[in-house]
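The chain contents come next:
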Amino acid sequence: MFDPKSIDLPVVDIIDEVNDKLNTQNTLIVNAPPGAGKSTLLPLAFLDLDWLEGQKIIMLEPRRLAARSIAERMSSLLGEKVGETIGYRIRFDSRVSEKTKIEVVTEGILTRMLQSDNSLEGIKMVIFDEFHERSIHADVALALCREAQQVLREDLRILIMSATLNMPQLTSLLKSEAVVSKGRQYPVDINYEGDIDEYVMAEMCAKTIQKAIKSHEGDVLAFLPGQGEIHKTADSLRGKVGGARIHLLYGALPQNKQRAAIFPDKNGQRKIVLATSIAETSLTIEGVNIVVDSGFGRHSQFDPNSGLSRLETHRISRDSADQRAGRAGRLSPGVAYRLWSKVTHGRLTDHIIPEIEQADLASLVLEMANWGIS
């Protein structure tokens, strides 16, 4: 039998408290910093509890890469292959079996499950990981789960987890308690490089990476808004970073290239990983203790005048900046270079704007109609 307390991760300290609260209430919030082990260790701590009664846990991950990686990590802790006790289901790919007790799924998959079976028979718990990202799918799935819980399944447990949640707002809305893990974040030195023009973002990011690798040891993780900026930065860096290997990391990449970016280099070479916000949460890229943050992200914005959505580049929020910087301090002390000024940092919004406030709501209306809400 696997003992989660045998793993030296900060979340071990709250396992008993979480279990005690889930014995007496059906909804709980867990707040734990990056690297605490909430995504991999906490779900495993529920496997042998009496209330699970041989039923399943569904764990929602916002991104396909994270869903696959977390399932692989949990399976390795159990000494198994993916698809046995731990499985995953993402678009066009699934590894589950009759033995599977924890399924890691992406957002659209959970919504489909709820629509096809409103009471989620055979499922005892739904975990919403990285809920602070506030995607429209996660918000809808939580609303549907809450209604199923209140009307059909009082025994269905809902666990909401994140590192940077707006805790007072969420605990008030859900009338739920929160358990906080202090974590074990190593210190990260923050350097503000001054404001940059987004049109020269790739060039400035490349220059900052060159400066960082000369000044510090370890691998580099750089955050850029999209594929275009990532490829431009890579082009600017080639031939200027000594023996370091340049890796790209974004959702559309083939799986083997994504894995190469995440795992340590087989030959022990230094790595520079150029990533979108896909690397902001859930993934631990081993060896990273330098973060270079462009300060920009990209999301779909609905334009009511044209009736169309378009991708827009925007300043990230303060909690996203903290998440990104925290990547440098997950395994050892680190340093973060921010390509903006302290003054600009003070003007950033505190939290991510929920997607439901800026996206096309046509799909939401259709989901609600399918659920029976007019």
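All residue numbers refer to position in the chain's written sequence, counted from 1. In view of the model being predicted, local features appear only for residues whose pLDDT reaches at least 70, and side-chain atom pairs are presented and counted only at 80 or more, with totals across whole chains, interfaces and linings using the full set of residues. Side-chain descriptors were evaluated using all non-hydrogen atoms of the structure, hydrogens and water having been removed beforehand.

1. Re the pairing of strand 3 (residues 86-90)
Judged by how many residues are buried, strand 3 sits mostly within the fold: four of five residues are covered. Any two strands are treated as partners once DSSP identifies two or more bridges connecting them. The numbering of helices and of strands both runs from the N terminus, where a helix is a DSSP run of H or I of at least 4 residues and a strand a run of E of at least 2. Pairing of strand 3 with strand 5 (residues 102-106), which is carried by four bridges, proceeds in the parallel orientation. Within strand 5, the residue paired with Gly-87 across the bridge is Glu-103. Sheet analysis places strand 3 next to strand 4 (residues 93-95), joined by three bridges and oriented antiparallel. When the sheet's bridge partners are listed, Ile-90 is paired in strand 4 with Asp-93. The turn linking strand 3 back onto strand 4 is made up of two residues, and Phe-92 within it adopts a positive phi angle of 65°. Relative accessible area decides the class of each residue, using a 1.4 Å probe on protein chains only: under 20% of the type maximum gives buried, over 50% gives exposed, and in between gives partly exposed.

2. As for the sheet that holds strand 4
One open sheet holds the eight strands; their spatial order is 4-3-5-2-6-7-1-8, and the pairing between them is mixed. The outermost strands of the open sheet, each flanked by one partner alone, are strand 4 and strand 8 (177-180). Going across the sheet, the axis of each strand differs from the next one's by a mean of 20°, ignoring polarity. Only heavy atoms enter the contact rule, under which two residues are in contact if any of them lie within 4.5 Å. Axis angles are defined between N-to-C directions and span 0 to 180 degrees, where every axis is a line fitted to C-alpha atoms and, for a helix, only to the segment in contact. Of the strands in this sheet, strand 2 (56-61), strand 3, strand 4 and strand 5 are in contact with helix 3 (residues 64-78), which crosses strand 3 at around 170°.

3. Remarks on the side chain of Asp-139
By the secondary structure assignment, Asp-139 is in helix 5 (residues 136-151). Not counting residues within four places of it along the chain, the set of residues in contact with Asp-139 comprises Phe-131, Arg-134, Pro-354 and Ile-356.

4. A closer look at the pairing of strand 1 (residues 27-31)
Most of strand 1 is tucked away: five of the five residues are buried. The side-chain alternation of strand 1 yields two buried faces, one formed by Thr-27, Ile-29 and Asn-31 and the other by Leu-28 and Val-30. Two elements, strand 1 and strand 7 (residues 157-162), share five bridges in a ladder whose sense is parallel. Paired with Thr-27 across the strands is Ile-158, a residue of strand 7. As defined by bridge partners, strand 1 adjoins strand 8 across four bridges and the pair is classed as parallel. Residue pairing for strand 8: Asn-31 is matched across the bridge by Val-180.

5. Some words on the pattern of salt bridges
For this analysis, a salt bridge means a side-chain nitrogen from Lys or Arg found within 4 Å of a carboxyl oxygen belonging to Asp or Glu. Under the definition given, this model contains 20 salt bridges. Among the ionic pairs, Lys-211 bridges to Glu-193, the shortest N-O distance being 2.7 Å. Of the two residues, Lys-211 is situated in helix 7 (residues 201-215) and Glu-193 in the loop between strand 9 (188-192) and helix 7; the sequence distance between them amounts to 18 residues. With relative accessibility at 39%, the residue Lys-211 sits in the partly exposed group. Overall, Glu-193 belongs to the partly exposed group, its relative accessible area being 31%. Residue Asp-195 pairs with Arg-315 through a salt bridge whose shortest N-O separation is 3.9 Å. In this pair, Asp-195 sits in the loop between strand 9 and helix 7 while Arg-315 sits in strand 15 (residues 308-315), placing the two residues 120 residues apart along the sequence.

6. Structural notes on the confidence of the model for the chain
For the chain, mean pLDDT is 86; residues scoring 70 or higher make up 97% of the total. Per residue, pLDDT captures the predictor's confidence, and it can take any value from 0 to 100. Mean pLDDT across the secondary structure elements of the chain bottoms out at helix 6 (residues 167-174), with 74, and peaks at strand 16 (residues 334-338), with 94.

7. Some details on the packing of helix 3 against helix 9 (residues 255-262)
To describe two helices that pack against each other, one gives the angle between their axes and the distance between the axes. At their nearest, the axes of helix 3 and helix 9 sit 12 Å apart, and the two run at 65° to each other. Along this stretch, helix 3 crosses helix 9, giving a crossing that reads as right-handed. Along the contact surface, helix 3 presents Leu-65, Arg-68, Ser-69 and Glu-72, while helix 9 presents Gln-255, Gln-258, Arg-259 and Ile-262. Polarity classes work like this: nonpolar for Ala, Val, Leu, Ile, Met, Phe, Trp, Tyr, Cys and Pro, charged for Asp, Glu, Lys and Arg, and polar for all others, with Gly in that last group. Taken together, the residues of the contact of helix 3 with helix 9 break down into two nonpolar, three polar and three charged. For any helix crossing, the convention is left-handed if the near helix is rotated counterclockwise from the far helix by under a right angle, and right-handed if that rotation is clockwise.

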